[in-house]
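Okay, here's what each chain looks like letter by letter:
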Amino acid sequence: PEHTSVFLSNLYSFSFKKKKKQPTATLTVQLTLACVSAPQLFYSFFKSLVGKDVVVELKNDLSICGTLHSVDQYLNIKLTDISVTDPEKYPHMLSVKNCFIRGSVVRYVQLPADEVDTQLLQDAARKEAMQQKQ
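What counts as what
- Residues numbered from 1 in each chain as written.
- Predicted model: local features only at pLDDT ≥ 70, side-chain atom pairs only at ≥ 80, totals over all residues.
- Heavy atoms only, no water.
- UniProt positions renumbered as here; feature names shortened; annotations may be inferred.
- Core = buried A, V, L, I, M, F, W, Y, C linked by side-chain atoms within 4.5 Å.
- Buried < 20%, exposed > 50% of the residue type's maximum accessible area, 1.4 Å probe, protein only.
- Helix = DSSP H or I, 4+ residues; strand = E, 2+ residues; numbered from the N terminus.
- Phe/Tyr/Trp six-rings, centres within 6.5 Å; stacked < 30°, edge-to-face > 60°.
- Salt bridge = Lys/Arg side-chain N within 4 Å of Asp/Glu carboxyl O.
- Polar contact = N/O pair within 3.5 Å; in protein donor to acceptor, adjacent residues only side chain to side chain.
- Contact = heavy atoms within 4.5 Å.
- Pairing = 2+ DSSP bridges.

Identification of the chain as U6 snRNA-associated Sm-like protein LSm2 from Astatotilapia calliptera is taken from an unreviewed UniProt entry. Under Sequence similarities (unreviewed entry), UniProt gives the following word-for-word description of the chain: "Belongs to the snRNP Sm proteins family." Quoted verbatim from the Function (unreviewed entry) field of UniProt, the annotation for the chain is "Plays a role in pre-mRNA splicing as component of the U4/U6-U5 tri-snRNP complex that is involved in spliceosome assembly, and as component of the precatalytic spliceosome (spliceosome B complex). The heptameric LSM2-8 complex binds specifically to the 3'-terminal U-tract of U6 snRNA."

Now the structure itself:
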């Protein structure tokens, strides 16, 4: 399908949708967090993607492409070798090579489609939901 949602308990959800406009297939991950702390599942998932190229779209509509260098338990992201998708709109970002992004300002994270195992995420979400019910 073009869009897949992974529901994580009643507080968190992942949304995946394929981007057709880009030459290589990517998945867009939307993080919907209903409380302050991020679950261990998100943190572990993003740690497994360190070293991969991602696009982070911020809530102010700035999209930054770069290599995922690190992520912490608050889903703060550090990117290296960055570029912006719209350099005409953000010319001040052309000289920036690395950046730190606070997790609370992230709207979407676009990932390479071949790096995401949606079945594994769905299984982990079901397991977490079952543990919370007990």
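Asks: Could you clarify how one ought to interpret the nonpolar core in this entry?
Replies: Soluble globular proteins: nonpolar side chains tend toward being buried together. Phe46, Val56, Ile64, Ile77, Leu79, Ile101 and Leu111 are the most contacted members of the largest nonpolar core, which totals 25 residues. When residues of this core are traced back to their parent elements, those giving at least two are helix H1 (40-47), strand E4 (53-58), strand E5 (63-71), strand E6 (77-84), strand E7 (99-101) and strand E8 (106-112). Ranked by residues supplied to this core, first place goes to E6 with 4 residues.

Asks: Looking at this structure, how should I read the packing of aromatic side chains?
Replies: Describing an aromatic ring pair means giving the distance of the ring centres and the angle of the ring planes. Counting across every chain of the model gives 1 aromatic pair. Relative to Phe46, the ring of Phe45 lies with its centre 5.4 Å away and its plane at 70 degrees, an arrangement referred to as edge-to-face. Residue class for Phe45 comes out buried when judged on its relative accessible area of 10%. For Phe46, a relative accessible area of 4% gives the class buried.

Asks: Mind showing me how you'd approach the pattern of salt bridges here?
Replies: It is possible for side chains of opposite charge to pair when their charged atoms get near one another. For the coordinates displayed, the defined rule picks out 2 salt bridges. Between Arg107 and Glu57 there is a salt bridge, with the nearest N and O atoms lying 2.8 Å from each other. Of this pair, Arg107 sits in strand E8 while Glu57 sits in strand E4, and the two are 50 residues apart along the sequence. Asp61 is the salt-bridge partner of Arg107, the closest N and O atoms lying 2.7 Å from each other. Note that Arg107 is positioned in strand E8 and Asp61 in the loop between E4 and E5, a separation of 46 residues in sequence. One network of salt bridges, in which partners are shared, links Glu57, Asp61 and Arg107.

Asks: What is the right way to look at the side chain of Asn76 in this model?
Replies: Inspection of the secondary structure puts Asn76 in the loop between E5 and E6. From its side chain, Asn76 meets the backbone nitrogen of Gly103 in a polar contact 2.7 Å long. With near-sequence residues (within four places) excluded, Asn76 lies in contact with Ser70, Val71, Phe100, Ile101, Arg102 and Gly103.

Asks: Can you walk me through the pairing of E4 in this structure?
Replies: Looking along a regular strand, one sees the side chains alternate between the two faces of the sheet. Buried residues dominate E4, accounting for 5 of its 6 residues. In this structure, E4 lies alongside E5, joined through 5 bridges in antiparallel fashion. In the sheet register, Val56 faces E5, and the bridge partner there is Ile64. In sequence, E4 turns back onto E5 through a hairpin of 4 residues, with Asp61 there showing a positive phi of about 75 degrees. By the bridge criterion, 4 bridges tie E4 to E8 in an arrangement that is antiparallel. Residue Glu57 lies in a different strand from E8, and its bridge partner there is Tyr108.

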